[in-house]
Amino acid sequence: MSERDNRLSLILPLSLAVLMLLLQLAVDNQLLRLDVDALQQGQIWRLLTAHWVHASMPHALLNLVSLLAILWLLPELRAPRRLLTVLLVSSLWIGLILWLWYPHIRLYLGFSGVFYALLASGTVLIWPSPLGRLLALFLLLKVIWEQTLGPIPFSARLSDGKVAIEAHLHGVTSGLLVGLLIRRNNQHPRL
C-alpha cells in the first residue's frame, strides 16, 4: 500500500463515521431511505443512500460502532479501494435485492446489511486463520438464527422493532462474493 493509501486507510473510516452521524443528525431519512415508490419514480440513488440513514440515533450509533469495530478488527478491509468496493457493491446488491425480490419490504434504512457484507468480505480475506474461521461460524449461526427464528431481540429494540433480516442475509452473500473477487485479484493481479 502506498503512503497515500496508508493515510486514506485511516481517514476514510473516520470520514465514513462522520458522514453517518451527519446524515443522522442533519437529514430527514425519508429523503434517502429505500422507498419502493420513490425508486419506481427513478430515485435510484436510494439504493446507495438507504444504508447511511437510520431509524433512530441508537440505531445509528450501533451501526457506527459496528463499522469502526470491523475496520479495526480487519485491517485487510481498510485499503481504500477494497473498502469502497465492498461498500458500493454490497449497497447496490442489497438495495436491488430488497427492491426486486421482497415485495413486502416497501421501506428500508440502516447499515447492518452492509456491515454483514464487510464482515463476510473480511472473513474471506483472512481465511483460514483462526479469526477467519470464528467469523465464518458467527456469520453462519447468525444467518441461520435470523432466517429460522427471526431477529435477535436486542437488535429489534434498537431499530424500533423492525429488522430487515433479508438485508443481513444478502449482505453476507454480497460480501462473500466481493471478498472472493478481491482475493482472486490479489492472486492474479492482471485479472
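In this convention, every chain numbers its residues from 1, walking through the sequence in written order. Local features in this predicted model are restricted to residues of pLDDT 70 or higher, and side-chain atom pairs are both shown and tallied only at a pLDDT of 80 or more, whereas totals for entire chains, interfaces and linings draw on every residue. Only hydrogens and water are removed before side-chain values are computed, so all heavy atoms of the structure are retained for them.

1. Considering the nonpolar core
With 48 residues, the main nonpolar core has I70, L87, Y108, F111 and L118 as its most contacted residues. Elements supplying a minimum of two residues to this core: α1 (3-26), α2 (36-40), α4 (57-73), α5 (80-101), α6 (112-126), α7 (130-149) and α9 (165-187). A helix here means a DSSP run of H or I that spans at least four residues, while a strand means a run of E at least two residues long, and both kinds are numbered starting from the N terminus. Ranked by the residues each element gives to this core, the list is headed by α6, at nine residues. Every residue in contact with Y108, bar those within four places of it in the chain, is listed here: R33, L34, A50, H51, L98, G113, A164 and A167. Residues grouped as a nonpolar core are buried Ala, Val, Leu, Ile, Met, Phe, Trp, Tyr and Cys residues, joined through side-chain atoms within 4.5 Å. In this scheme, a residue with accessible area under 20% of its type's maximum is buried, one over 50% is exposed, and one in between is partly exposed, where area comes from a 1.4 Å probe on protein chains only. Working rule for contacts: check all heavy atoms of both residues, and any pair within 4.5 Å makes them a contact.

2. Notes on the environment of F111
With respect to the secondary-structure elements, F111 resides in the loop between β2 (107-108) and α6. Linking F111 and W145, residues 34 residues apart in sequence, is a C-alpha distance of 19 Å. The residues contacting F111, other than those within four sequence positions of it, are M20, H51, W52, H54, N63, L67, L87 and L118.

3. Considerations on the environment of G113
Take G113: it is sitting in helix α6. For the pair formed by G113 and S90, sequence separation is 23 residues and the distance between their alpha carbons is 8.0 Å.

4. So, the packing of aromatic side chains
Stacked, tilted and edge-to-face pairs are distinguished by plane angle, under 30 degrees for stacked and over 60 for edge-to-face with tilted covering the rest, among Phe, Tyr and Trp rings (Trp via its six-membered ring) whose centres lie within 6.5 Å. Per the stated rule, a full pass over the model turns up two aromatic pairs. Consider the rings of F115 and Y116, whose centres lie 5.4 Å apart with planes at 75°: the pair is edge-to-face. A ring is scored as having a charge over it whenever the NZ atom of a lysine or the CZ atom of an arginine sits within 6 Å of its centre and within 35 degrees of its normal. Just above the ring of W127 sits the side chain of R133; from NZ or CZ to the centre is 5.6 Å.

5. Quick look at the packing of α7 against α9
Lines fitted to C-alpha atoms define the axes, with helix axes restricted to the stretch in contact, and inter-axis angles between N-to-C directions lie between 0 and 180 degrees. Two elements in contact, α7 and α9, have axes separated by 10 Å at closest approach and are oriented at 150°. With respect to α9, the axis of α7 lies roughly antiparallel. You can see that α7 and α9 cross each other, and the crossing is left-handed. Residue-level contacts link L139, K142, V143, E146 and Q147 of α7 to I165, H168, L169 and V172 of α9. Throughout this entry, Asp, Glu, Lys and Arg are counted as charged residues, while Ala, Val, Leu, Ile, Met, Phe, Trp, Tyr, Cys and Pro are counted as nonpolar. The remaining residues, Gly among them, count as polar. Residue composition of the contact of α7 with α9, by class: five nonpolar, two polar and two charged. Geometric relationships in this document are graded by angle, where less than 35 degrees denotes roughly parallel, more than 145 denotes roughly antiparallel, 65 to 115 denotes roughly perpendicular, and other angles denote oblique. In a left-handed crossing the near helix is turned counterclockwise from the far helix by less than a right angle, and in a right-handed crossing that turn is clockwise.

6. Here's the deal with α7
A helix is expected to span 1.5 Å multiplied by its residue count minus one. The first and last C-alpha atoms of α7 sit 28 Å apart over 20 residues, in line with the 28 Å expected at 1.5 Å per residue. Taken together, the buried positions of α7 are occupied by G132, L135, L139, K142, V143 and E146. The buried residues of α7 occupy an angular sector of 95° when the element is viewed end-on, so they sit on one face. Set apart from the buried face of α7 by more than 90 degrees, the exposed residues are P130, L134, L140, L141, T148 and L149. In the core, the buried residues of α7 are packed alongside α4, α6 and α9. Of the residues one or two after α7, G150 is the one with positive phi, at around 95°. In this context, the arc is that of the directions from the helix axis out to the C-beta atoms.

7. A word on the environment of W93
Within the secondary structure, W93 sits in helix α5. We classify W93 as partly exposed; its relative accessible area is 30%. Separated by 75 residues in sequence, W93 and V18 have C-alpha atoms that sit 24 Å apart. Each residue touching W93, except ones within four places of it in the same chain, is listed here: H170, T173, S174 and L177.

8. Points about the side chain of N63
Examined against the element boundaries, N63 turns out to sit in helix α4. Here a polar contact is recorded for every N or O atom pair within 3.5 Å, except that within protein the pair must consist of a potential hydrogen donor and a potential acceptor, and residues adjacent in sequence are included only if both atoms are side-chain atoms. One polar contact links the side chain of N63 to the main-chain carbonyl oxygen of H59, over a distance of 3.1 Å.

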